[in-house]
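# Secondary and tertiary structure notes
Residue-level listing of the chains:
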Amino acid sequence: MLSGRRLDLLDPTPMDIEIEDIAHGLAFVARWNGQTHGDFAYSVAEHSLLVQQIFKIQQPGAPVKWQLAALLHDAPEYVIGDMISPVKAAVGPGYGVLDDRLMAAIHLRFGLPAQLPATIKKQIKKADKLSAWLEAIQIAGFTRAEADKFFGKQDPALAETLEIRLRPPVEVRKDYTACCQDLMSKL
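So, a few notes on the structure that sits alongside this text. The numbering scheme is per chain: residues are counted from 1 as the chain's sequence reads. Local features are withheld for residues below a pLDDT of 70 in this predicted model, meaning they are given only at 70 or higher, and side-chain atom pairs are given and counted only at 80 or more; totals for whole chains, interfaces and linings count all residues. Note: side-chain values were computed over all heavy atoms of the structure, leaving out hydrogens and water.

## Structural notes on the nonpolar core
- Counting 55 residues, the largest nonpolar core has Ile-22, Leu-72, Phe-110, Leu-134 and Tyr-176 as the members making the most contacts within it.
- Helix and strand assignments follow DSSP, with helices taken as H or I runs no shorter than four residues and strands as E runs no shorter than two, numbered in order from the N terminus. Ranked by residue count, the leading element in this core is helix H7 (residues 118–138), at 8 residues.
- Contacts are assigned to residue pairs that have any heavy atoms within 4.5 Å of one another. Contact partners of Tyr-176, with chain neighbours within four places excluded, come to Ile-19, Ile-22, Ala-23, Leu-26, Ala-45, Ser-48, Leu-49, Leu-71 and Leu-72. For our purposes a nonpolar core is just a set of buried Ala, Val, Leu, Ile, Met, Phe, Trp, Tyr and Cys residues, chained together by side-chain atoms within 4.5 Å. When a residue's accessible area, from a 1.4 Å probe over protein chains only, is under 20% of the maximum for its type it is buried; when over 50% it is exposed; and in between it is partly exposed.

## Thoughts on helix H6 (residues 93–109)
- To estimate the expected span of a helix, count its residues, drop one, and scale the result by 1.5 Å. For H6, built from 17 residues, the straight-helix expectation of 24 Å at 1.5 Å per residue is met to within 8% by its first-to-last C-alpha distance of 25 Å.
- In this fold, the buried residues of H6 make contact with helix H1 (19–27), helix H4 (77–80) and helix H5 (85–91).
- At the C-terminal side of H6, Gly-111 shows a positive phi close to 80°.

## Considering the layout of surface pockets
- What the largest pocket holds in volume is close to 1000 Å³.
- Cavity means a closed set of points on a 1 Å grid over the protein atoms alone, one where a 1.4 Å probe fits but cannot get out, pocket means an open set with protein on both sides within 12 Å along at least 5 of 7 lines, and lining means a residue has an atom within 4 Å of a point. In terms of lining residues, the largest pocket is bounded by 34 residues, among which Asp-74, Glu-77, Lys-88, Lys-125 and Asp-128 are the most central.
- The set of elements that each furnish at least two residues to the lining of the largest pocket consists of H5, H6, H7 and helix H8 (144–151).
- Grid points are joined across faces, edges and corners, and a volume is the space filled by probe spheres set on the points. Space inside the second largest pocket adds up to approximately 160 Å³.

## Quick look at the packing of helix H2 (residues 44–58) against H7
- Note on definitions: angles span 0 to 180 degrees between N-to-C directions of axes, and those axes are lines fitted to C-alpha atoms, for helices only across the stretch in contact. Where H2 meets H7, the axes come as close as 8 Å, and the angle between the chain directions of the two elements is 125°. Looking at the two axes, H2 sits oblique to H7. Taken as a pair, H2 and H7 cross one another with a handedness that is right-handed. Two secondary-structure elements touch here, H2 through His-47, Leu-50, Val-51, Ile-54, Phe-55 and Gln-58 and H7 through Gln-123, Ile-124, Lys-126, Ala-127, Asp-128, Leu-130, Ser-131, Leu-134 and Glu-135.
- Classification convention: Asp, Glu, Lys, Arg as charged; Ala, Val, Leu, Ile, Met, Phe, Trp, Tyr, Cys, Pro as nonpolar; all other residues, Gly among them, as polar. Grouping the constituent residues of the contact of H2 with H7 by class yields 8 nonpolar, 4 polar and 3 charged. When an angle is under 35 degrees it counts as roughly parallel; over 145 it counts as roughly antiparallel; between 65 and 115 it counts as roughly perpendicular; any other value is oblique. What makes a crossing left-handed is the near helix being turned counterclockwise from the far one by less than a right angle; a clockwise turn instead makes it right-handed.

## Quick word on H2
- When the terminal C-alpha atoms of H2 are compared, their 20 Å separation across 15 residues agrees well with the 21 Å that a helix rising 1.5 Å per residue should span.
- Of all 15 residues in H2, 12 are buried; the element is thus mostly enclosed.
- For H2, the full list of buried residues reads Val-44, Ala-45, Glu-46, His-47, Ser-48, Leu-49, Leu-50, Val-51, Gln-52, Ile-54, Phe-55 and Gln-58.
- Looking at the buried residues of H2, the elements they touch are H1, helix H3 (64–71), H4, H7, helix H9 (156–159) and helix H10 (169–185).

What follows is the structure, encoded as structure tokens:
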């Protein structure tokens, strides 16, 4: 990693994980395989910031640790990339095992349980789906009907208050790192 850490993908440990490496990697990984409108790719880091924001709106009483979990929900992608669902399925269960190991190490590194409670995972997934729905409509060329079909109908009142931001990766990296550090300081 750029931090100098050596990360064993098959046996990751929490001590090999740094927020700067996560933020850097995610800021340069494009969602939608880069197939979006705009001058910059929509990064996994920007998506994660939006998911954390949505989670906080949808779960206003949620403890800070679960907001942090929402921010980190795609963190393993800093080293394994963002694969679209059909590719993940084709790769098989090995991808899921690798993702789970990395996520457990990341969670432990940031003071979260290795495995999140099912209710929290479900709440984060709800925020993730709204983010994907917004991305589909705002930057990926989907119609509302197509987005509804793939990501489910979303709360229009909430959806209308959120806007996708396309920014240079270095800005997103800085904001992702700052958001994580801010949440960590409140734990």
